[in-house]
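Structural description and commentary
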Amino acid sequence: MGITKEHYCDELERSQMAKILEISEEDLLKVNWEIVESRSDDGLVYCYFCYFSDDSDADVLDKIGVDNERKIELPSGIFEDQPEDQEEL
């Protein structure tokens, strides 16, 4: 049985996010997160904020180094190194 396109994209996304946060994919599964862009009125992306929910594993959040608001800032170009084949799916 093959894997679905959605499953493949989720795996790539999870792998990339774990690398960005410098944690294992297993640890990434222990946190719930949302990424929000910070952009200018002209559409220029300044940075991204990654927010973690209250029910995220505290030990993993410590590894990530979140602030008191359970967020971290990611640079604007952080997602530009995505594998090209992900965009083709």
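Preceding this paragraph is the structure being described.
Okay, so let's go over this structure.

The rules behind these values
Residue indices follow the written sequence of each chain, beginning from 1 at its first position. The predicted origin of the model limits local features to residues at a pLDDT of at least 70 and limits the giving and counting of side-chain atom pairs to 80 or more, whereas totals for whole chains, interfaces and linings rest on all residues. Note that the side-chain values use all heavy atoms of the structure and ignore hydrogens as well as water. We count a stretch as a helix when DSSP gives it H or I for four or more residues in a row; a strand needs E for two or more, and each element gets its number in order from the N terminus. Classification of residues uses two cut-offs on accessible area relative to the type maximum, computed with a 1.4 Å probe and protein chains only: under 20% is buried, over 50% is exposed, and between them is partly exposed. Residue contacts follow a heavy-atom distance rule, with two residues in contact if any of their heavy atoms lie within 4.5 Å. Whenever a nitrogen or oxygen atom comes within 3.5 Å of another N or O atom, the pair is scored as a polar contact, on the condition that within protein one atom can donate a hydrogen and the other can accept it, and that pairs from neighbouring residues in sequence are kept only if both atoms are in side chains. Here, a strand pair is defined by DSSP locating no fewer than two bridges between the strands. Structural elements are reduced to axes, namely lines fitted to C-alpha atoms, with helices fitted over the stretch in contact, and the angle between N-to-C directions of any two is expressed from 0 to 180 degrees. Centres within 6.5 Å make a pair out of two Phe, Tyr or Trp rings, where for Trp the six-membered ring is used; the pair is then stacked when the planes are under 30 degrees apart, edge-to-face when over 60, and tilted otherwise.

Counting its secondary structure elements, the chain contains 4 helices and 3 strands. For the chain, the α and β elements follow one another from N to C terminus as α-α-β-β-α-β-α. By the burial criterion, 28% of the 89 residues in the chain qualify as buried. In the chain, 44% of the contacts between residues at least 6 apart in sequence involve partners at least 24 apart.

Mapped onto the fold, Ser56 is located in the loop between strand 2 (45–52) and helix 3 (58–64). Among the residues examined, Ser56 registers a relative accessible area of 8% and is labelled buried. Side-chain polar atoms of Ser56 contact the backbone nitrogen of Asn32, separated by 3.0 Å. Those residues in contact with Ser56, other than ones at most four positions away along the chain, are Lys30, Val31, Asn32 and Leu61.

The next thing to look at is the pairing of strand 1 (residues 33–39). Of the pairings in the sheet, the one linking strand 1 to strand 2 comprises 7 bridges and is antiparallel in character. For Ser38, the partnering residue across the bridge sits in strand 2 and is Cys47. Where strand 1 folds back onto strand 2 in an antiparallel hairpin, the turn is made up of 5 residues, including Gly43, whose phi is positive at roughly 95 degrees.

Glancing now at the sheet that holds strand 2. Spatially, the 3 strands line up as an open sheet ordered 1-2-3, and their pairing is antiparallel. The sheet terminates laterally at strand 1 and strand 3 (71–75), the two strands that pair on one side only. Strand-to-strand, the axes of this sheet are offset by a mean angle of 25 degrees, without reference to chain direction.

Once that is clear, we can look at the packing of aromatic side chains. Applying the stated criterion to the full structure yields 1 aromatic pair. Taking 6.3 Å as the distance between ring centres and 45 degrees as the angle between the ring planes, the aromatic pair formed by Phe49 and Tyr51 counts as tilted.

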